[in-house]
Each structure stands twice: as C-alpha cells, then as structure tokens.
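Commentary on secondary and tertiary structure
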Amino acid sequence: MTGPDLDPEQYPPIDPREPVPDDAGALLPDTPDELPEALAEPMPDDGGNAGGVREPA
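Residues numbered from 1 in each chain as written. Predicted model: local features only at pLDDT ≥ 70, side-chain atom pairs only at ≥ 80, totals over all residues. Heavy atoms only, no water.

In this section: the overall build of the chain. Each helix and strand counted, the chain has zero helices and zero strands in total. Summed over its atoms, the accessible surface of the chain is roughly 6,400 Å², and 55% of this surface lies on carbon and sulfur atoms. (Helix = DSSP H or I, 4+ residues; strand = E, 2+ residues; numbered from the N terminus. Areas by Shrake-Rupley, 256 points an atom, 1.4 Å probe, with all protein chains shown as cover.)

Structure, rendered in structure tokens:
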C-alpha cells in the first residue's frame with residue numbers, strides 16, 4: 001500500500017541527510033512555546049475502591 005499523493009508545496013519531501021533543527025518550532029510552527037502541565041495519573045487505591053490503577057498480577 002502506498003501513501004497518498006501529497007502536495008509538495010504544503011508537504012515538501014523530507015531529506016534524511018538534513019540535520020534535525022534544535023528548535024521544535026521549526027517543525028511544528030503552531031505549537032505554543034510553553035506546554036500545559038501534564039495531568040496527574042491515577043494512583044492505586046488502597047481502600048479497594050474502583051477508579052484507581054489496578055495492581056499488576
């Protein structure tokens with residue numbers, strides 16, 4: 001299966017020999033400079049109540 005035909009003006013071909021830019025904004029210009037805080041992951045519940053992360057078997 002091949003990929004769709006993309007517009008080379010909007011999606012220029014990627015040269016694997018090109019160095020990766022230090023600034024991620026060059027690759028994703030719409031990304032904000034500061035990312036929001038990550039959500040807290042649920043912790044295992046000691047009381048046996050549902051909603052926490054299950055202990056591994």
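What the rule picks out here adds up to one salt bridge. Salt-bridge contacts for arginine 17 lead to aspartate 15; the nearest nitrogen and oxygen are separated by 3.1 Å. (Salt bridge = Lys/Arg side-chain N within 4 Å of Asp/Glu carboxyl O.)

Let us look at the layout of surface pockets. A volume near 260 Å³ is recorded for the largest pocket. In terms of lining, the largest pocket is formed by Gln10, Tyr11, Pro12, Pro13, Ile14, Asp15, Pro16, Glu18 and Leu27. Split by residue class, the lining of the largest pocket holds six nonpolar, one polar and two charged. (1 Å grid on protein atoms, 1.4 Å probe; cavity = no way out; pocket = protein on both sides within 12 Å on 5 of 7 lines; lining within 4 Å. Points joined across faces, edges and corners; volume = space filled by probe spheres on them. Nonpolar A, V, L, I, M, F, W, Y, C, P; charged D, E, K, R; others polar.)

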